[in-house]
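Residues per chain are reported as follows:
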Amino acid sequence: MFRFPLFIAMILTIAFGGGILVSLYALDATAGFGAIKLGAWEAFPQLQTEEADPYAKSHRARAGRLLYGSAEGLMFTAKVDDDGEPLNAGCSYRIVGQTPAARIWTLFTADNGGSPASLQTGLPGALNSWTVLRNADSTFAIDISPRARPGNWLAVPAAGTFQLVLTLFDTPTAGSSGVIDLAMPKLQKTGCGNA
């Protein structure tokens, strides 16, 4: 007598539960369509605009992150170095060059979810365009490593992989279609372990 309703309830539970799990996986698997890849750096120029695809809008809403207007900012992430290898906390890296034109930019080490990385107290996890030391030609070099370095240095998490997040604020490149022509700083591995 109760076999048929129980069977229907079980099928509905599996269907709805599976649908929710697949939707959550799809939101975690991608930040949207239309990625621009410039060396190690990746950005989604339409992620913050009305033209963003539904997956991107859902991803940002689920994460609870602030959306920038199309000319307010553009966020680049680097999960790999220029050779395509994942950024590893046991290795050292160097960012060399300069950023595209922007009123201000920020750079920080982040965990794989994009949140600021958990570092030991007192270690620098972020730099910005006002605090970075520059060369005479306006270029800079930033060392990212587990051990302190002279000059511009960012600490990395204790272990595992991480990513770098570079955000350009009030930049003309965020509202233009010429994002592909931008020159981004190089991200090179300088060694692993104690090297």
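Just above, that's the structure.
A. Structural context of the state of the cysteines. According to the stated counting rule, one finds 1 disulfide in the structure shown. Across a sulfur-sulfur distance of 1.9 Å, Cys91 and Cys192 are joined as a disulfide pair. On the S-S bond that ties Cys91 to Cys192, the torsion sits near 90°, and the link is right-handed. With Cys91 in strand S4 (residues 91-97) and Cys192 in strand S10 (residues 186-192), this residue pair connects regions lying 101 residues apart in the sequence. Taking relative accessible area as the criterion, Cys91 reaches 5% and is therefore assigned buried.

B. Examining the environment of Pro116 more closely. Mapped onto the secondary structure, Pro116 falls in the loop between strand S5 (104-110) and strand S6 (126-128). Sequence separation between Pro116 and Val165 is 49 residues, and the spatial gap between their C-alpha atoms is 8.9 Å. Here Pro116 is in contact with Phe108, Thr109, Ala110 and Asp111, once residues within four sequence places are set aside.

C. Structural context of unusual backbone geometry. Although it is not a glycine, Ser138 adopts a positive phi angle of roughly 80°. Its place among the elements puts Ser138 in the loop between S6 and strand S7 (140-144).

D. Region of interest: the pattern of salt bridges. Counted according to the given criterion, the structure contains 2 salt bridges. With a closest N to O distance of 2.6 Å, Glu85 and Lys189 form a salt bridge. Linking Glu85 in the loop between strand S3 (73-78) and S4 with Lys189 in strand S10, this pair joins segments that are 104 residues apart in sequence. Under the relative-accessibility criterion, Glu85 is labelled partly exposed at 38%. Given the relative accessible area of 32%, Lys189 is considered partly exposed.

E. Seen up close, the sheet that holds S7. Read across the open sheet, the 4 strands follow the order S8-S7-S4-S10; overall the sheet is mixed. Among the strands making up the open sheet, the edge pair consists of strand S8 (152-154) and S10. The mean angle between the axes of side-by-side strands here comes to 25°, regardless of whether they run parallel or antiparallel. Pairing of S7 with S8 involves 3 bridges; the strand directions are parallel. Counterpart to Ile144 in the pairing with S8 is Leu154.

Rules of the game
- Think of each chain on its own: its residues are numbered from 1, step by step along the sequence as written.
- Totals for whole chains, interfaces and linings use every residue, but because this is a predicted model, local features are given only for residues with pLDDT of at least 70 and side-chain atom pairs only at 80 or more, for both listing and counting.
- In computing side-chain properties, one takes all heavy atoms of the structure into account and sets aside hydrogens as well as water.
- Whenever a pair of cysteine sulfur atoms sits within 2.5 Å, that pair is classed as a disulfide.
- Think of it this way: any DSSP run of H or I at least four residues long counts as a helix, any run of E at least two long counts as a strand, and we number them from the N terminus.
- Note on exposure labels: buried denotes an accessible area under 20% of the residue type's maximum, exposed denotes more than 50%, and partly exposed covers the range between, all computed with a 1.4 Å probe on protein chains only.
- In what follows, residue pairs with any heavy atoms lying within 4.5 Å of each other are defined as contacts.
- Salt bridge criterion: a side-chain nitrogen from Lys or Arg within 4 Å of a carboxyl oxygen from Asp or Glu.
- Two strands make a pair as long as DSSP finds a minimum of two bridges between them.
- In this analysis an axis means a line fitted to C-alpha atoms, helices contributing only their contacting stretch, and an angle means the value between N-to-C directions, from 0 to 180 degrees.

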